[in-house]
Amino acid sequence: MATVTFHGACGVVTGSSTRLDWGERSVLVDCGMYQGSDELEQRNWAPFPYTAAKLAAVVVTHAHLDHTGLLPRLVAEGYSGPIYCTGPSRGLISLVLQDAAQLQEEGARYAREKGYSRRHAEPKPLYTEEDARRTLKLLRTVPFEEERELFPGVRFRFTRAGHLLGAASVEVTGKGSDGEARTWCFSGDVGRYGVPILKDPEPPPLPPAALLLESTYGDRRHPQEDATEALGKIIGETYARGGMVIIPAFALGRTQEILYHLSRLVEAGRLAPETVFLDSPMAINATQLYDQAESEHDEEFDALAVDPLGNGRFQRCRTVDQSKALNTRGEPAVIVASSGMANGGRVVHHLLATRPRAPAGAPSSTAPRRSPSRARRCG
Ligand SMILES: [Zn+2]
């Protein structure tokens, strides 16, 4: 069987990437970006400990940047083979890599204009938008449960992992030196059971010889609270004060779950849909992809009378002017905006605009969010 080398997500929860070697042939499972502290993100600039151009294939478990974010750099350094992903992952990967490349270029341009850079006299992006475009051309979609050959003697298959639209565990099967075929299962990020919208994770059809398990949440239990009820209580109390509920939400996955719960509150007559605003172009695009991926919806979602992710359900703000106008509406509203960590994106100006003016005064608006320590763990 292959030799396995872990190139990321060891001792930290980002930068997932694992290399499998069969003699001269190498395959990469995920090529994630380190995210978090400056020290961690510095690692994204380190040379790859292998020759990118010599990899036979790359298999991607899901679209999150900590599993895909260095793919454009891999391509910039000479990789030109297939990048396998599930069909529903393709659109999300396209969204996140183009966005990441744009941010990289903007960051380098800003550093150049302001005359600072910790790394270079002439600041450069980690990769460019052109690198991202070339990467997307290498994507090859493979349906869940269908086996495909990586190269003669080695096959792989995706099974649903919940977690995010298109997210998969990957089984890789090949013969060992004793002639016996063995399967190794890379879990990817595995979602919880019973989460709205997407189908639950599915176990591999047969027990693998080895299981390589991501364990981002390995040390804690998720609360069993009713999320719709908790959200409804906060919104009810805030609206009664005439305030706004600002919800920082990751554009992929978390936003769609929140829209689902908000839609249930509308169904229960506890929320007026015209007072809910989705304020993030990326989240709007991701929501459309979620809505279109009918094969991935669970039974509860299909049974809903009104599509919570549909175009007409809630207000959508694509432009900056639309976003800024929300701060001067002067009426109760729910604003769902990026980023999920509230450390960038449009949510920041909403939080600044609605912060209490006087320290002694009771704040009228609310920004429900998970604690930073937990949010940081989101893979
Ligand atoms: Zn993830």
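Residues numbered from 1 in each chain as written. Predicted model: local features only at pLDDT ≥ 70, side-chain atom pairs only at ≥ 80, totals over all residues. Heavy atoms only, no water.

Counting 84 residues, the largest nonpolar core has L74, Y79, L150 and L262 as the members making the most contacts within it. At seven residues, helix α4 (residues 87-114) tops the list of elements feeding residues into this core. With near-sequence residues (within four places) excluded, Y79 lies in contact with A52, A53, L55, A56, A57, V58, L74 and L138. Among the nonpolar cores identified, the runner-up in size contains nine residues, and M244, I246, L326 and I335 belong to it. (Core = buried A, V, L, I, M, F, W, Y, C linked by side-chain atoms within 4.5 Å. Buried < 20%, exposed > 50% of the residue type's maximum accessible area, 1.4 Å probe, protein only. Helix = DSSP H or I, 4+ residues; strand = E, 2+ residues; numbered from the N terminus. Contact = heavy atoms within 4.5 Å.)

Taken together, the five strands give an open sheet; going across it, the order is β7-β8-β9-β10-β11, and neighbouring strands pair in mixed fashion. Of all the strands in the sheet, the pair left with one neighbour each is β7 (148-151) and β11 (210-212). Ignoring which end each strand starts from, the neighbouring axes of this sheet average 25 degrees apart. Sheet topology note: the strand β9 (residues 168-175)/strand β10 (residues 181-186) ladder contains six bridges and is antiparallel. The residue of β10 that forms the bridge with T173 is T183. (Pairing = 2+ DSSP bridges. Axes fitted to C-alpha atoms, helices over the stretch in contact; angles between N-to-C directions.)

Below, the discussion takes up the domain arrangement of the protein. Each domain of the protein was delimited in the assignment, giving domain 1 (3-212) and domain 2 (227-375). Contacts between the two partners involve 16 residues from domain 1 and, on the opposite side, 18 residues from domain 2. Taking both partners together, domain 1 and domain 2 bury about 1,600 Å²; carbon and sulfur atoms supply 73% of that area. When the buried area of domain 1 at its contact with domain 2 is split by residue, L95, L165 and I197 rank highest and sum to 41% of it. Remark: the boundary between domain 1 and domain 2 carries one salt bridge. At the boundary of domain 1 and domain 2, one finds five residue pairs in polar contact (both at pLDDT 80 or more). (Domains from an automatic or database assignment. Buried area = accessible area lost by both parts, 1.4 Å probe. Salt bridge = Lys/Arg side-chain N within 4 Å of Asp/Glu carboxyl O. Polar contact = N/O pair within 3.5 Å; in protein donor to acceptor, adjacent residues only side chain to side chain.)

Turning our attention to the pattern of salt bridges. Scanning the entire structure with this criterion turns up 15 salt bridges. Put simply, R134 and D131 hold a salt bridge, and the shortest N to O gap is 3.5 Å. With R134 and D131 both in helix α5 (residues 129-136) and three residues apart, this pair spans about one turn of that helix. Using a relative accessible area of 37% as the deciding quantity, one classes R134 as partly exposed. Given the relative accessible area of 10%, D131 is considered buried. Taking the shortest distance from any N to any O, the salt bridge between E146 and R148 comes out at 3.1 Å. Taken together, the shared-partner salt bridges in this structure form one network comprising R160, E202 and E296.

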